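Now for the letters of each chain:
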Amino acid sequence: MKIKEIQDEIVEEFSHFEDWKEKYEYLIELGNSIELIDKQNKIDSNLIKGCQSKLWLYAELQNDKIIYTADSEAIITKGIAAILLRVFSNQTAKDILNSDIKYIEAIGLKEHLSPTRANGLVSMIRQIKYYALALNTN
Amino acid sequence: MSFDINKIRSDFPILKRKINGSSFIYFDNAATSQKPNIVIDSISDYYKNYNSNIHRGVHTISQEATDAYENARAKVQKHFNVLNSHEIIFTSGTTHSINLVANGFQDLLCDKDEIIISGLEHHSNIVPWQMMSEKNGAKIKIIPINENGELDMKIYDNILNSRTKLVFVNHVSNALGIINPIKTIIEKAHKVNAAVLIDGAQACAHFKTDLQELNADFYTTSAHKLCGPTGIGMLYGKEKWLKKLPPYQGGGEMISDVTFEKTTYAELPHKFEAGTPNVSGAIAFGVALDYLNGIGFENICEYESSLLKYATEKLKLVPNLKIYGESKNKTSVISFNIEGIHAYDIGALLDKFGIAVRTGQHCAQPIMDHFGISGTVRVSLSFYNTKKEIDSLYNSLKQTISMLS
């Protein structure tokens, strides 16, 4: 599926939640089922800076698609990482670099985009794009 | 003086807010305090009616502003029972105050000297000294903490010696709420002719300190921790020390005479107050002290102790909850973790319930390293919090844990 299609799918899923509890329960569920980073890649150099809980991100090129894996000490952070990975993993570098993240605001998780030190989400998005830039085969 | 919690709460407009449809419960007072109307109004009153640069003008409002600024200094002097008003320097806060002193000692110490820092310090009372030590070679020694988060005074006795020149300790730990035995620390330091700087940022909102009786060489605090605005604080220094230290910032106000050949500096306190000060901030600082003294610190202390007791008992009912720094001598701060759950997750979900707590390392990484943890959830209570709010915390925490398990 293309990035925009996945984003629209996620926005549609989140529109069914009646209150924040349902949304966060889902986020926690996602966090517990994220594509976990390989143990050997769960190292300091793969840590995302600017996060209160440790957050690791790893990327590798498979054919022309970038596969992202991640992990975090905090479940909510993992859940948000899972939403990002669902959109950006298994896509081409070009598509990743051309995409936006408006869907995060559309699903009501905009507060996680604020540049405080607490969640590193902004840094993670930046790192996803850096990886795409580095692994861009075009 | 009676303590009327409802009247007090009505003084704080922000407490009426709703967060996510829930009542706003503010338990992050160690980070910053909320402000009563009288403090907020004093700032707008200043800008509406007599805003002016101070000390130099000959016109009416300049005189009014100058009087108000110096009256604020007198209020701070009286509150802390300081002998001379010129021993009170207005700064932008505790961090500025500590950097001012560290800068001052840069050329007064050398690599034969030692300085002692407590293991409970906030980074603002560690980093300036490390920066100073990099320049002058003074050796840093640490007072370690025990499993209760208290300073190990036996080791303090061992590391204190004739080469010790400075000792730095906070009056109250921001991360754990522990009140340190600073009177003893000061007495012992003075026996070896070492000077002591006490970081009072976390103490002044909770109890009054008589600085003449305490006999510290330097004492710092920030107004925003005690119902005052941000951007203003004070450095108390004994006259002999403030005369010895060179100016920190150069500019207007802090000079006596300026020529391109030579400039001489102003007397205390102006020597350390370069540039246009935070006039409204200083005035509001004084108003905040008046407000708190109007309630009475004995009342504040007694009420906060009862809140601390109640909150500690309630939190101990939560399974797998560990409190760090359980000391009999504490302010109303509780730092805790729940086994198997990251502090950030707890804080993020409590926020959804309308409850503001602080999570993380609290700018005190050495303490976190000591306990082998990445951070804690910190609940810091103030005299405008209630037992009902603590009940809400307990209930929300149970629901939070259930969601995360």
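As a reminder, the structure under discussion sits directly above these lines.
As the structure is a computational prediction, the values presented were derived from the model and not from experiment.

What counts and how
- Sequence order as written defines the numbering, with residues in each chain counted from 1.
- Following the order in which they are written, the chains are lettered starting with A and the ligands numbered starting with 1.
- Where totals are concerned, whole chains, interfaces and linings use all residues; where local detail is concerned, this predicted model gives features only for residues with pLDDT of at least 70, and gives and counts side-chain atom pairs only at 80 or more.
- Comment: elements are numbered from the N terminus, with helices defined as DSSP H or I runs of at least four residues and strands as E runs of at least two.
- The size measure is the radius of gyration over C-alpha atoms, and the globule rule it meets is 2.2 Å times the number of residues to the 0.38 power.
- The contact criterion used is a C-beta to C-beta distance within 7 Å, with each C-beta placed from the backbone.
- Asp, Glu, Lys and Arg are counted as charged, while Ala, Val, Leu, Ile, Met, Phe, Trp, Tyr, Cys and Pro are counted as nonpolar; the rest, among them Gly, fall into the polar class.
- Take the residue count of a helix, subtract one, and multiply by 1.5 Å to get its expected span.
- Three exposure classes are used, all based on how many other C-beta atoms lie within 10 Å of a residue's own C-beta (placed from the backbone): buried at 20 or more, exposed at 12 or fewer, and partly exposed between those limits.
- Strand pairing is assigned whenever DSSP identifies at least 2 bridges connecting the two strands.
- Comment: axis = line fitted to C-alpha atoms, over the contacting stretch for helices; angle = value between 0 and 180 degrees taken between N-to-C directions.
- We call a set of buried Ala, Val, Leu, Ile, Met, Phe, Trp, Tyr and Cys residues a nonpolar core when their C-beta atoms link them within 7 Å.
- The domain limits used here are those given by an automatic or database domain assignment.

### What about the overall build of chain A?
A count of helical and extended segments in chain A gives six helices and three strands. Its helices and strands in sequence order give chain A the pattern α-α-β-β-α-β-α-α-α, from N to C terminus. In terms of overall size, chain A behaves like a compact globule, its C-alpha atoms giving a radius of gyration of 14 Å where 138 residues would be expected to give roughly 14 Å. Oriented by its inertia axes, the alpha-carbon framework of chain A measures out at about 45 × 30 × 25 Å.

### Overview of the overall build of chain B
Secondary structure summary: chain B contains 14 helices and 17 strands in total. What you see for chain B is a C-alpha radius of gyration of 22 Å, in line with the 22 Å of a compact globule of 405 residues. In terms of overall dimensions, chain B has a C-alpha envelope of 70 × 55 × 35 Å along the principal axes. Sequence-distant contacts in chain B: of pairs separated by 6 or more residues, those separated by 24 or more amount to 70%.

### Details of the interface of chain B and chain A
Taken together, the contact between chain B and chain A spans 13 residues of the former and 12 residues of the latter. Elements represented by at least two residues in the side of chain B that touches chain A include exactly helix H12 (343–352), strand E16 (358–360) and helix H14 (387–404) of chain B. For the side of chain B that touches chain A, the element with the highest residue contribution is H12(B), accounting for five residues. Residue classes in the side of chain B that touches chain A are distributed as five nonpolar, six polar and two charged.

### Here we look at helix H4 (residues 94–105) of chain B
Residues and elements named next belong to chain B. Here H4 contains 12 residues, and its C-alpha end-to-end distance of 17 Å stays within 8% of the 16 Å for a straight helix at 1.5 Å per residue. Buried residues dominate H4, accounting for 10 of its 12 residues. Those residues of H4 that fall on the buried side of the exposure criterion are Thr94, Thr95, His96, Ser97, Ile98, Leu100, Val101, Ala102, Gly104 and Phe105. Turning to H4, the residues buried within the fold contact strand E4 (88–91), helix H5 (127–136), strand E7 (164–170), strand E8 (195–199), strand E9 (218–222) and strand E10 (233–237).

### Topic: the sheet that holds E4(B)
Residues and elements named next belong to chain B. Within the open sheet, the seven strands sit side by side as E4-E10-E9-E8-E7-E5-E6. Their pairing is mixed. Each of the sheet's edge strands pairs with one partner strand only, and the pair in question is E4 and strand E6 (139–143). For this sheet, the mean angle separating the axes of adjacent strands, direction not counted, is 20°. Sheet topology note: the E9/E10 ladder contains five bridges and is antiparallel. Looking at E10, one finds that Thr221 is bridged to Met234.

### Some points on the pairing of strand E14 (residues 333–338) of chain B
Residues and elements named next belong to chain B. Counting buried positions over the six residues of E14 gives six, a clear majority of the element. Side chains Val333, Ser335 and Asn337 project from E14 onto one buried face, and the interleaved Ile334, Phe336 and Ile338 project onto a second face that is buried too. With four bridges joining them, strand E13 (residues 321–324) and E14 adopt antiparallel strand pairing. Bridging across to E14, Tyr324 finds its partner in Ser335. With four bridges joining them, E14 and strand E17 (residues 376–380) adopt antiparallel strand pairing. Opposite Ser335, over in E17, you have Arg378 as the bridge partner.

### Description of the nonpolar core
Residue and element names in this part refer to chain B. Counting residues in hydrophobic clusters, the biggest one holds 144 residues, and the most contacted among them are Val196 and Ala288. Looking at this core element by element, the count peaks at 11 residues for helix H10 (residues 279–295). Residue assignment places this core across two domains, with domain 1 (5–30 + 296–404) and domain 2 (40–293) each supplying three or more. Residues within four places of Val196 in sequence aside, it is in contact with Val167, Ile185, Ile186, Ala189, Ala216 and Asp217.

### Structural notes on the environment of Gly251(B)
All names here are of chain B. Position of Gly251 relative to the elements: it lies in the loop between helix H9 (239–244) and strand E11 (255–258). Judged by local crowding, Gly251 falls into the exposed class, with 11 C-beta atoms found within 10 Å. Each C-alpha atom, one on Gly251 and one on Glu273, is 9.0 Å from the other, the two residues being 22 residues apart in sequence. Residues in contact with Gly251, not counting those within four places in the same chain, are Ala274 and Gly275.

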